[in-house]
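Structure assessment
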Amino acid sequence: MYTHYKIISNKILIHTTGRLCESTEELLKSDLFRELLKRCILELAEKESPLLGIFSVPGDKIGERQIEVLVNTLENLLKIEGKVVPNILPESAQFFRDIQLFSDFVEYFYNYWRGYERYVVCNSAGSDLDKRPYRTFNQTVGNLTHFVRSAYRDIEENITGSHPRIYRQVTAGAEFGTISLPVRIPYEGASYEILKPVSIIRQVLLNPPLILDPPMNKRTGSFVKIDTNPLDVVDIETGEWLCYPAKVGELLVNVYFHEKYYELGFSLCNLFELADDEDLKRKPDAVYLYGVPGDALDGLAQYPTVFHDDEKNGIFVAACPGRDEFGYFGYLKKMMLTLHNAIMIKSGRLPFHGSLVKITMRNNAEATVLMIGDTGAGKSETLEAYRAIGGEVISNITIIADDMGSLRIDDDGSIIGYGTETGAFLRLDDLKPGYAFGQIDRSIIMNASQVNARVIIPVCSYDNIMKGCPVDYILYANNYDEIDEDHPVIERFDNHVSAFNTFREGTVMSKGTTTSTGLVHSYFANIFGAPQYRELHDPLALKFFEAFFEQNIFVGQIRTRLGIRGWEMQGPEEAAKELLRIISSEKR
């Protein structure tokens, strides 16, 4: 068994080939325990904290010997009452001069450990850890949680001589665990040799709800198509990377993320299906390096968030720098979807930036609704409004796409819709509190105290997003118009040209999820692949809009008013009510 750890900023990364520890005694003898104790004491010294009054020397005089005595004292307190310990270890008497202060110090150190984001990576190379993942996670993450809590409680009880009346089963071990192993991915071309040593994630364990605090809370710039393969200019230390093989719709995108961004890379498990063993036998459709060190990507384009279409080897390659300014989940998710959309366009399918849901009414009316719009237009909020207000009229809602998907024209001319994600990346402050708290046990929450706080939650199954569903309504999410006689909540277009132009203009009132503000425009409300392939996308989109009207699909715009102050909740609710009324009346 081999175990090592690394502390990066607010992260503790523990790599192991087997079990972590077998007892609380072994836990306290670990190098990680001692290093954290030293770091904690140093932090307290910098604060001139009164908690260091447990030592008989001033804070600036606490050295290796004093720390060694403290560790030995804590080891004894695992089994022995505090009043007995000084008889065994005379130097420990200093800690028992003030029992409450010593107890407070232990409490502080326990919370200091829990203040880190904690990750356990089980490397199953040459073993069968991935064959029995539940047992592996029990022997690593499960045992770590148990031993940390047990050590904390035993030490506290032996210091104070009393038992707590309330036990809080907080996540005291790791927040994320993974089993990874080397996999022979069938890459073609010399450029891809650099990726082959990176371990591939096969299972993920997380302990939600998780509250993470990445460096950034907004995305800026664009994803730029370049002629250079990023793999030809970057240099990576493969031991610092992991690969999450994501199923993005029908595509396989291998996402390689640096350890600096473990919290963002592991969070993909709440958004994209993890590829199975059969998927890994084929060459991926795209690869994405997230967290490239240094400035290797600078100068390749206006923004260093770039992707390349390697037509010779039949694969897309994307990359994003590892600087703090790019430490936002949107850079991870949206680049993956950009790659998806580019591939869809080249294959003759029309990508969309929107939500696609199948609604079944209690009066047996049924409709599949596609709502297209830019970030902050009210797509997800209107979807949540269906749930909140539709209890009396809706019997079922099936989510096919929460944010991105594609359309295909079937042999009979019908329009078939597909999704990409099994989860949702939502603004926390725009969700109804009841729904947000109702999902919190599965949530990953990011930047909770900031503007554009986000939550990632699983919302549907992979089978649902991939089965393909005929589309009945295609609506543009208009979040900026007030409602009056000339601007109803839902307005149907009478021809494909006016519809095409409205969707193409992509107007939205920015909600502050990027660095843009005010009324802005983006090509088809989709900067993710469509403008980069405009010469292909324009005629393709026109072909689809003609097909929409040939199939007598309801094509219109829905005014959510999400961008108008005071209507953030009521606007999407009224939009949802009106759409449900139309579906019920038209489907009778």
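None of the values given here were measured: they were computed from a predicted structure.

1. Structural notes on the overall build of the protein chain
When helices and strands are counted, the protein chain shows 14 helices and 27 strands. Radius of gyration (C-alpha) of the protein chain: 27 Å, near the 25 Å computed for a compact globule of 588 residues. Dimensions of the protein chain, computed from C-alpha atoms along their principal axes, come out at roughly 90 × 55 × 40 Å. Looking at the protein chain residue by residue over its 588 residues, the buried ones come to 56%. Taking all contacts inside the protein chain whose residues are at least 6 apart in sequence as the whole, residues at least 24 apart take part in 77%. As displayed, the protein chain has an accessible area near 24200 Å², and 47% of this comes from carbon and sulfur atoms. Taken together, the 61 basic and 81 acidic charged side chains of the protein chain have centroids lying 3 Å from each other.

2. Things to note about empty space enclosed by the protein
On inspection of all chains with the given rule, the structure shows three cavities of 30 Å³ or more. Here the largest cavity is characterised by a volume of approximately 230 Å³. At the level of secondary structure, the elements contributing two or more residues to the lining of the largest cavity comprise helix 8 (329-346), helix 9 (379-389) and strand 19 (423-427). Of the residues contributing to the lining of the largest cavity, the split by class is four nonpolar, eight polar and nine charged. Roughly 110 Å³ of internal volume is contained in the second largest cavity. Along the walls of the second largest cavity sit 13 residues, with Leu350, Pro351, Phe352, Ile372 and Phe524 positioned nearest its centre. Per-element accounting of the lining of the second largest cavity gives the leading share, four residues, to strand 14 (residues 350-361).

3. What about helix 5 (residues 99-114)?
Compared with the 22 Å implied by 1.5 Å per residue over 16 residues, the 23 Å span of helix 5 between its first and last C-alpha is a close match. For helix 5, the set of buried residues is Leu101, Phe102, Ser103, Phe105, Val106, Phe109, Tyr110, Tyr112 and Trp113. Packing partners of the buried residues in helix 5 comprise strand 2 (11-16), helix 2 (31-47), helix 3 (64-77), strand 3 (117-123) and helix 6 (133-160).

4. Topic: the packing of helix 9 against helix 14 (residues 570-586)
It is the contact of helix 9 with helix 14, at a shortest axis distance of 8 Å, that shows an interaxial angle of 70 degrees. By the angle between their directions, the pair helix 9 and helix 14 is classed as roughly perpendicular. The handedness of the crossing between helix 9 and helix 14 is right-handed. Taken together, the residues of helix 14 that come into contact with helix 9 (itself represented by Glu381, Thr382, Ala385, Tyr386 and Ile389) are Pro572, Glu573, Ala576, Lys577, Leu579 and Leu580. Taken together, the residues that form the contact of helix 9 with helix 14 break down as seven nonpolar, one polar and three charged.

5. Quick word on the sheet that holds strand 19
The four strands are arranged 6-20-21-19 in an open sheet whose pairing can be described as mixed. Each edge of the sheet is formed by a strand with only one pairing partner; in this case those strands are strand 6 (210-212) and strand 19. Geometrically, the sheet is characterised by an average inter-axis angle of 20 degrees between neighbouring strands, direction not taken into account. Inspection of the sheet shows strand 20 (residues 444-446) paired to strand 21 (residues 454-458) by three bridges, in the antiparallel sense.

6. Details of the layout of surface pockets
Each pocket or cavity is described by its volume, and for the largest pocket that value is around 630 Å³. Taken together, 27 residues line the largest pocket, and the ones lying closest to its centre are Leu27, Ser30, Leu32, Phe33 and Leu144. Listed by contribution, the elements that provide at least two residues to the lining of the largest pocket are strand 1 (3-8), helix 1 (24-28), helix 2, helix 5 and helix 6. Residues that form the lining of the largest pocket fall into these classes: 22 nonpolar, three polar and two charged.

7. Focus on the environment of glycine 423
In this structure, glycine 423 sits in strand 19. Accessibility expressed as a relative area gives 0% for glycine 423, which makes it buried. For glycine 423 and valine 459, which are 36 residues apart along the polypeptide, the C-alpha to C-alpha distance reads 4.9 Å.

8. Considering helix 3
The end-to-end C-alpha separation of helix 3 is 20 Å, in line with the 20 Å expected for 14 residues at 1.5 Å each. Those residues of helix 3 not exposed but buried are Ile67, Val69, Leu70, Val71, Thr73, Leu74, Glu75, Asn76 and Leu77. Check the buried side of helix 3 and you find it contacts helix 1, helix 2, helix 4 (85-88), helix 5 and helix 6.

9. Overview of the packing of aromatic side chains
Inspection of the entire model under this criterion finds 31 aromatic pairs. Centre to centre, the rings of tyrosine 119 and phenylalanine 266 are 5.7 Å apart; their planes meet at 20 degrees, and the pair counts as stacked. On the criterion of sequence distance, the pair formed by tyrosine 119 in strand 3 and phenylalanine 266 in helix 7 (residues 262-266) is long-range, its members being 147 residues apart. Looking at tyrosine 119, the relative accessible area reads 1%, which means it is buried. Take phenylalanine 266: its relative accessible area is 1%, and that puts it in the buried class. With centroids separated by 5.8 Å and ring planes inclined at 90 degrees, the aromatic side chains of phenylalanine 500 and phenylalanine 545 adopt a geometry described as edge-to-face. Note that phenylalanine 500 is positioned in helix 12 (residues 496-505) and phenylalanine 545 in helix 13 (residues 534-550), a separation of 45 residues in sequence. Assessed through its relative accessible area of 10%, phenylalanine 500 is described here as buried. Residue phenylalanine 545 is classed as buried on the basis of its relative accessible area, which comes to 3%. When the ring centre of tyrosine 523 is taken as reference, the NZ or CZ atom of arginine 534 above it lies at 4.1 Å. The ring of tryptophan 567 is capped by arginine 561, whose NZ or CZ atom sits 3.9 Å from the centre of that ring.

10. Quick look at the packing of helix 12 against helix 13
Relative placement of two packed helices is described by the angle separating their axes and the distance separating the axes. One way to put it is that helix 12 packs onto helix 13 with a least axis distance of 9 Å and a crossing angle of 135 degrees. By the criterion of interaxial angle, the relationship of helix 12 to helix 13 is oblique. Handedness of the crossing formed by helix 12 with helix 13: right-handed. Touching His496, Ala499, Phe500, Phe503 and Arg504 of helix 12 are Arg534, Asp538, Ala541, Leu542, Phe545, Glu546 and Phe549, all from helix 13.

Rules used throughout
- Residues numbered from 1 in each chain as written.
- Predicted model: local features only at pLDDT ≥ 70, side-chain atom pairs only at ≥ 80, totals over all residues.
- Heavy atoms only, no water.
- Helix = DSSP H or I, 4+ residues; strand = E, 2+ residues; numbered from the N terminus.
- Rg over C-alpha atoms; globule rule 2.2 N^0.38 Å.
- Buried < 20%, exposed > 50% of the residue type's maximum accessible area, 1.4 Å probe, protein only.
- Contact = heavy atoms within 4.5 Å.
- Areas by Shrake-Rupley, 256 points an atom, 1.4 Å probe, with all protein chains shown as cover.
- Lys, Arg positive; Asp, Glu negative; His and termini not counted.
- Charge placed at Lys NZ, Arg CZ, Asp CG, Glu CD.
- 1 Å grid on protein atoms, 1.4 Å probe; cavity = no way out; pocket = protein on both sides within 12 Å on 5 of 7 lines; lining within 4 Å.
- Points joined across faces, edges and corners; volume = space filled by probe spheres on them.
- Nonpolar A, V, L, I, M, F, W, Y, C, P; charged D, E, K, R; others polar.
- Expected span 1.5 Å × (residues − 1).
- Axes fitted to C-alpha atoms, helices over the stretch in contact; angles between N-to-C directions.
- Parallel < 35°, antiparallel > 145°, perpendicular 65-115°, else oblique.
- Left-handed = near helix turned anticlockwise from the far one by under 90°.
- Pairing = 2+ DSSP bridges.
- Phe/Tyr/Trp six-rings, centres within 6.5 Å; stacked < 30°, edge-to-face > 60°.
- Lys NZ or Arg CZ within 6 Å of the ring centre and 35° of its normal.

Without other data, these values stay purely geometric and don't point to any function.
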